[in-house]
Amino acid sequence: MRVRGRKRKRKLSPLLSGIHKSTKVLPDATVVLNSKGEMEWGNIVARGMLGLERKRDRGRMIDELITNQAFQNYYSAGDFSHPLNITSPVNDDIRLEIRIVPYGKVKYLLQARDITRLRQLETVRRDFVANVSHEMRTPLTVIHGYLETMGESEGEDLAPWQNIITQMRQQTGRLQRIVEDLLLLSRLESPGQEDGLQAPVDVPMLLEFVRDEALSLSKGEHSITTDIDETIKLQGSASELESIFSNLVFNAVRYTPAGGRIRLRWWSSKRGPCFLVKDTGIGIEAEHIPRLAERFYRVDVGRSRKSGGTGLGLAIVKHALTRHGSQLKIESEPGKGSSFRCCFPPSRLSK
Ligand code: ADP
């Protein structure tokens, strides 16, 4: 038995040291935690990225070792279904994506990946879009302004051109709406723009206003009813909440043929205050629903353009909702209608 044992050991030890060596040089920081959350082992990268020393820190709780506030909230909440992004505790220039995965019976693997470059690329993309939109804004305003003056002119010389001028005005108007929506989106996406999300907002009043606008957009072709709890107000950004509600309600008008019904609801549910807009419009095929909030994703490009859409409305809604701790839930049946719902966390209720 001893001979066999020795043989087995001889066979296994190179395997074990091989595994050890490869985990040591993994490009991601890898840390093994026991069931209590104490560090058992960490590779070399964990030192550079997280400041963890295998020998020194063994047996210490991970939330004492990584003192970043966002990490501590994430760890104590215990929901590891999504990764967490934080700045490295040892180097402010490094951005990390942290994942915690349970394995074996009661162990956890904490992995940290360097996503600095990815973040930089995202910033470059965002800045580029914001800069292009900004640069286009002034020339477009000038062209649109002149076209408007020409359209209103009663002179004989321009009479044969009126049709063309009207079309040009419509197109520059469309471009202006796209530019404004792109600028709004890049503002919503920029990090560190959390100020202004805590003002008291009179949502019932806002919804009355959105309903009036929807009525004028509908030109009396739809029945628009409301069921609004006048007592529920929110903490948030009034302009972003207005964007959310108006985009959803105007879409309901634009994608519901004349004679259809639209219902707005604002009520207090178990999950918190909720908003719902339900229409009896054209509906959406199930395969499109997960992609609707992507920029410029439209089920029917022609229809969206004809009704004045930029293809950015739901992307704006999604971002603004995320900033308010909420998500969009879409249910729809082609030919029957759609409902768009969002619920806000009870902590956002305003007295
Ligand atoms: P758009 O400016 O094209 O309306 P949105 O981002 O607001 O852009 O919406 C994306 C797409 O989602 C629309 O083009 C349309 O196909 C679909 N959609 C949005 N709201 C509705 C609705 N209430 N009923 C049916 N389709 C809708």
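Residues numbered from 1 in each chain as written. Predicted model: local features only at pLDDT ≥ 70, side-chain atom pairs only at ≥ 80, totals over all residues. Heavy atoms only, no water.

Quick word on the overall build of the protein chain
Then, in step 1: Looking only at helices and strands, one finds 11 helices and 13 strands in the protein chain.
Then, in step 2: Taking 20 Å as the expected radius of gyration for a compact globule of 351 residues, we find that the protein chain reaches 28 Å, considerably beyond that expectation.
Then, in step 3: Considered along the principal axes of its C-alpha atoms, the protein chain spans approximately 105 × 50 × 40 Å.
Then, in step 4: Expressed as a percentage of its 351 residues, the buried residues of the protein chain come to 37%.
Then, in step 5: Contacts spanning at least 24 positions in sequence make up 58% of the contacts within the protein chain whose residues lie at least 6 apart.
Then, in step 6: Summing over all exposed atoms, the protein chain offers an accessible surface of approximately 21000 Å²; the carbon and sulfur share of this is 54%. (Helix = DSSP H or I, 4+ residues; strand = E, 2+ residues; numbered from the N terminus. Rg over C-alpha atoms; globule rule 2.2 N^0.38 Å. Buried < 20%, exposed > 50% of the residue type's maximum accessible area, 1.4 Å probe, protein only. Contact = heavy atoms within 4.5 Å. Areas by Shrake-Rupley, 256 points an atom, 1.4 Å probe, with all protein chains shown as cover.)

Overview of the side chain of Ser237
Then, in step 1: Note that Ser237 resides in the loop between strand S8 (233-236) and helix H9 (238-254).
Then, in step 2: For Ser237, a relative accessible area of 8% translates into the label buried.
Then, in step 3: In this view, Ser237 contacts Gly196, Leu197, Val201 and His324; residues no more than four positions away in its chain are not counted.

Points about the packing of helix H8 (residues 203-218) against H9
Then, in step 1: Viewed as axis vectors pointing N to C, H8 and H9 meet at an angle of 35°, and their least axial separation amounts to 9 Å. Handedness of the H8/H9 crossing: right-handed. Residues Val203, Leu206, Leu207, Phe209, Val210, Glu213, Ala214, Leu217 and Ser218 of H8 lie in contact with H9, whose contacting residues are Ala238, Leu241, Glu242, Phe245, Ser246, Val249, Phe250, Val253 and Arg254.
Then, in step 2: Considered class by class, the residues forming the contact of H8 with H9 number 13 nonpolar, 2 polar and 3 charged. (Axes fitted to C-alpha atoms, helices over the stretch in contact; angles between N-to-C directions. Left-handed = near helix turned anticlockwise from the far one by under 90°. Nonpolar A, V, L, I, M, F, W, Y, C, P; charged D, E, K, R; others polar.)

Looking at the sheet that holds strand S4 (residues 95-103)
Then, in step 1: One open sheet holds the 5 strands; their spatial order is S2-S1-S5-S4-S3, and the pairing between them is antiparallel. At either margin of the open sheet sits one strand with a lone partner, and together these are strand S2 (39-42) and strand S3 (84-87). Here the average twist between neighbouring strands, direction ignored, is 25°.
Then, in step 2: Judged from the 8 bridges that link them, S4 and strand S5 (residues 107-114) form a sheet pairing that is antiparallel. Across the sheet, the residue bridging to Pro102 is Tyr108, located in S5. (Pairing = 2+ DSSP bridges.)

Brief notes about the domain arrangement of the protein chain
Then, in step 1: Once the domains are mapped, the protein chain shows domain 1 (2-114), domain 2 (118-189) and domain 3 (197-348).
Then, in step 2: With 10 residues of domain 2 in contact, the opposing surface of domain 3 contributes 15 residues.
Then, in step 3: At the boundary of domain 2 with domain 3, total buried surface from both sides reaches about 1100 Å², with 66% on carbon and sulfur atoms.
Then, in step 4: Per-residue buried area on domain 2 facing domain 3 is highest for Arg174, Leu185 and Leu188; these three make up 49% of the total on that side.
Then, in step 5: Inspection of the domain 2/domain 3 interface yields 1 salt bridge.
Then, in step 6: A salt bridge links Glu189 to Arg295; the nearest nitrogen and oxygen atoms lie 2.9 Å apart.
Then, in step 7: Across the domain 2-domain 3 interface, the total number found is 3 residue pairs in polar contact (both at pLDDT 80 or more). (Domains from an automatic or database assignment. Buried area = accessible area lost by both parts, 1.4 Å probe. Salt bridge = Lys/Arg side-chain N within 4 Å of Asp/Glu carboxyl O. Polar contact = N/O pair within 3.5 Å; in protein donor to acceptor, adjacent residues only side chain to side chain.)

Quick notes on a nonpolar patch on the surface
Then, in step 1: Together, Phe128, Val132, Met136 and Leu175 make up a nonpolar patch on the protein surface, roughly 340 Å² of accessible area in all.
Then, in step 2: Per-element tally for the nonpolar patch: the top contributor is helix H6 (residues 116-152), with 3 residues.
Then, in step 3: For Leu175, the position within the fold is in helix H7 (residues 162-189). (Patch = residues over 30% accessible without salt bridge, like charges linked within 9 Å, V, L, I, M, F, W, Y side chains within 5 Å.)

Brief notes about the environment of Met61
Then, in step 1: Residue placement: Met61 occurs in the loop between helix H3 (54-57) and helix H4 (62-65).
Then, in step 2: Overall, the relative accessible area of 23% leaves Met61 in the partly exposed class.
Then, in step 3: Separated by 199 residues in the primary sequence, Met61 and Gly260 place their C-alpha atoms 60 Å from one another.
Then, in step 4: Apart from residues lying up to four places away in sequence, Met61 is in contact with Lys36, Gly37 and Glu38.

Digging into the site of the ligand
Then, in step 1: Around the ligand, 21 residues are found, and the nearest of them are Asn251, Tyr255, Ser304, Gly311 and Leu314.
Then, in step 2: Residue Val299 places a main-chain N or O atom 3.2 Å away from an oxygen atom belonging to the ligand.
Then, in step 3: Gly311 places a polar main-chain atom, nitrogen or oxygen, 2.8 Å from an oxygen atom of the ligand.
Then, in step 4: For the ligand, whose unbound accessible area comes to 530 Å², protein coverage reaches 98%.
Then, in step 5: Listing elements by their share of the shell around the ligand, those giving two or more residues are H9, helix H11 (313-323) and strand S12 (337-343).
Then, in step 6: Broken down by element, the shell around the ligand gets its largest block of residues, 3 residues, from H9. (Near = heavy atom within 4 Å.)

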